[in-house]
Amino acid sequence: MKMGRGRTSRIRRRKLFRSSVSRGGTGRGLMSKTSLQEGQVIISLPETCLLTTDTVIRSYLGAYIAKWRPPPSPLLALCTFLVSEKHAGDQSVWKPYLEILPKAYTCPVCLEPEVVNLFPKPLRAKAEEQRARVREFFSSSRGFFSSLQPLFSEAVGSIFSYRALLWAWCTVNTRAVYVKPRRRRCFSAEPDTCALAPYLDLLNHSPHVQVEAAFNEETRCYEIRTASSCRKHEEVFICYGPHDNQRLLLEYGFVSIHNPHACVYVSEDILVKYLPSTDKQMNKKISILKDHDFIENLTFGWDGPSWRLLTALKLLCLEAEEFTCWKKILLGEIISDTNEKRSLDIAQKICHYFIEETNAVLQKVSHMKDEEVASVNQLTLVETLWTEELKILQASALILNSLQTPFR
């Protein structure tokens, strides 16, 4: 009975929307055909419509998963099912869902190496880690794929290629929703918390909306409830979380324009770039910052340099006779006007350095777009990321200028 109500609910919710093509947060998604109020359930998807490891276990793959050692991961099970069902074509009951999925993704792992090399340094490092992780995932899975040969008339090597597995991995990574952890002996100990939810793919991301998304144990449906109103004929958005643009690009393959959570990261080498090399206490200062978790997540945002960044700079700018006050710095206390001015000066120099670097990369990308026609879409994505970071840096430069006024 509960499942029946869920199906009725799904039909009723679908009538609220007019759909169009969704392209990873950049295309038009679901348009509301009526006004939506705060707290209203906008989508209720029955449990039977979710693609989970339970779906995989009940399928023709279940027996092969159960006997494989060491036990495959839940992620491998989902990816294998996606590749297999896509290969089945018209024979797959999941064909309608598979057809609305992107044919290719724009996550860093899918981009050309010369495009990834244009990323900001922190993102480039994470992108390289992501690529290595997926390569290892493919390499370690080939034995399991070979065990599936009895299911196919073609060689499994041609079906479960790196390209095919990469597509499946990106599908799960960019589209899976969180469900309550399950534990099955046939799977490895990795968390089994992912579910693919057809129809939810039509909802694009916006950092400016709030939603509640969770599986409702009473209705046995995955529900999305809006925490903000939406007028008739407006696009209905969901929020993937308060992610900055580098995180959005890394995990989902797109950049959000005017993202309030966007920021520019300051790495350790840039943090000390404009500090005197003659400072004999520099190594000790860096050690203190690391010990107190003040060496990472230092950023410039729309509201200027973060408190963490300014705090780190204040500690690094301490004179020899002020060094014993470093604990007060971490507690947010002001040591002296001289220390305040020096830290703001360094912050401004770092900001201007990033502005120059950003303009140089944007110029390089512009030239590459003229020469590398095949990579224009990928280069445009990188261009958008750097353009948004430039806006943040320009806003930070203005704020820093005003903060320095009292010391002039």
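What counts and what doesn't
- Residues numbered from 1 in each chain as written.
- Predicted model: local features only at pLDDT ≥ 70, side-chain atom pairs only at ≥ 80, totals over all residues.
- Heavy atoms only, no water.
- Helix = DSSP H or I, 4+ residues; strand = E, 2+ residues; numbered from the N terminus.
- Buried < 20%, exposed > 50% of the residue type's maximum accessible area, 1.4 Å probe, protein only.
- Contact = heavy atoms within 4.5 Å.
- Areas by Shrake-Rupley, 256 points an atom, 1.4 Å probe, with all protein chains shown as cover.
- pLDDT = per-residue confidence, 0-100.
- Polar contact = N/O pair within 3.5 Å; in protein donor to acceptor, adjacent residues only side chain to side chain.
- Pairing = 2+ DSSP bridges.
- Salt bridge = Lys/Arg side-chain N within 4 Å of Asp/Glu carboxyl O.
- Patch = residues over 30% accessible without salt bridge, like charges linked within 9 Å, V, L, I, M, F, W, Y side chains within 5 Å.
- Lys, Arg positive; Asp, Glu negative; His and termini not counted.
- Charge placed at Lys NZ, Arg CZ, Asp CG, Glu CD.
- Axes fitted to C-alpha atoms, helices over the stretch in contact; angles between N-to-C directions.
- Parallel < 35°, antiparallel > 145°, perpendicular 65-115°, else oblique.
- Left-handed = near helix turned anticlockwise from the far one by under 90°.
- Nonpolar A, V, L, I, M, F, W, Y, C, P; charged D, E, K, R; others polar.

- Naming follows an unreviewed UniProt entry, where the protein chain appears as SET domain-containing protein of Felis catus.

### Topic: the overall build of the protein chain
- A tally of regular secondary structure across the protein chain gives 16 helices and 12 strands.
- Of all 408 residues assigned to the protein chain, the portion counted as buried reaches 50%.
- Residue pairs at least 24 apart in sequence account for 71% of intrachain contacts in the protein chain once pairs closer than 6 positions are excluded.
- Surface summary for the protein chain: the accessible area is close to 20,700 Å², and the carbon and sulfur share equals 51%.

### Some words on the confidence of the model for the protein chain
- Scored by pLDDT, the protein chain has a mean of 88; 88% of the residues are at 70 or more.
- Low pLDDT (under 50) marks residues 1-27, which in the prediction has 65 contacts with non-local residues, meaning those over four places away or in another chain.

### Quick notes on the environment of aspartate 345
- Inspection of the secondary structure puts aspartate 345 in helix H15 (residues 337-371).
- Expressed as a C-alpha distance, the spacing of aspartate 345 and glutamine 404, which sit 59 residues apart in the sequence, is 7.9 Å.
- Of the polar contacts made by the side chain of aspartate 345, one reaches the side chain of glutamine 404; its length is 2.6 Å.

### Comments concerning the sheet that holds strand E12 (residues 304-305)
- Strand order in this open sheet of 3 strands is E10-E11-E12, and the pairing throughout is antiparallel. For this open sheet the edge positions go to strand E10 (264-265) and E12, each flanked by a neighbour on one side alone.
- As judged from the 2 bridges shared by strand E11 (residues 299-301) and E12, these two strands associate in the antiparallel manner. Along E12, the bridge assignment pairs glycine 301 with glycine 304.

### Remarks on the pattern of salt bridges
- Under the counting rule described, the total for this entry stands at 15 salt bridges.
- Glutamate 223 is paired through a salt bridge with arginine 225; the nearest N and O atoms lie 3.9 Å apart.
- Residue glutamate 223 is classed as buried on the basis of its relative accessible area of 12%.
- Judged by its relative accessible area of 32%, arginine 225 is partly exposed.
- What emerges from the salt-bridge pattern is a single network uniting Glu47, Glu217 and Arg220.

### Some words on a negative patch on the surface
- A contiguous patch of negative charge on the surface is contributed by Glu112, Glu114, Asp370, Glu371 and Glu372.
- Secondary-structure assignment places glutamate 114 in helix H6 (residues 113-116).

### Thoughts on unusual backbone geometry
- Here the bond from arginine 69 into proline 70 is cis, since omega is -5 degrees, no more than 30 degrees from zero.
- For proline 70, the position within the fold is in the loop between helix H3 (62-67) and helix H4 (74-88).
- Its identity is not glycine, yet arginine 220 carries a phi of approximately 55 degrees, on the positive side.
- Residue placement: arginine 220 occurs in the loop between strand E7 (211-216) and strand E8 (221-226).
- Even without glycine at this site, asparagine 297 takes up a positive phi of about 55 degrees.

### Observations concerning helix H13 (residues 307-316)
- Most of H13 sits inside the fold, with 8 of its 10 residues counted as buried.
- The complete set of buried residues in H13 reads Leu309, Leu310, Thr311, Ala312, Leu313, Lys314, Leu315 and Leu316.
- Looking at the buried side of H13, the elements it contacts are helix H11 (268-271), helix H12 (282-291), E11, E12, helix H14 (326-330) and H15.

### Comments concerning the packing of H4 against helix H7 (residues 121-147)
- Running from N to C, H4 and H7 cross one another at 70 degrees; their axes reach a closest spacing of 12 Å. It follows from the interaxial angle that H4 and H7 lie roughly perpendicular. Judged by the twist between their axes, the crossing of H4 over H7 is right-handed. Contacts between H4 and H7 involve Leu75, Leu76, Cys79 and Thr80 from the former and Phe137, Ser141, Phe144 and Phe145 from the latter.
- Class assignment for the residues of the contact of H4 with H7 results in 6 nonpolar, 2 polar and no charged.

### Here we look at the pairing of E8
- Of all 6 residues that make up E8, 5 are buried, and the element is covered over most of its length.
- The sheet contact formed by strand E3 (residues 41-46) and E8 spans 5 bridges and is antiparallel. Across the sheet, proline 46 pairs through a bridge with cysteine 221, a residue of E8.
- The pairing of E7 with E8 spans 6 bridges and is classified as antiparallel. When the sheet's bridge partners are listed, alanine 213 is paired in E8 with isoleucine 224.

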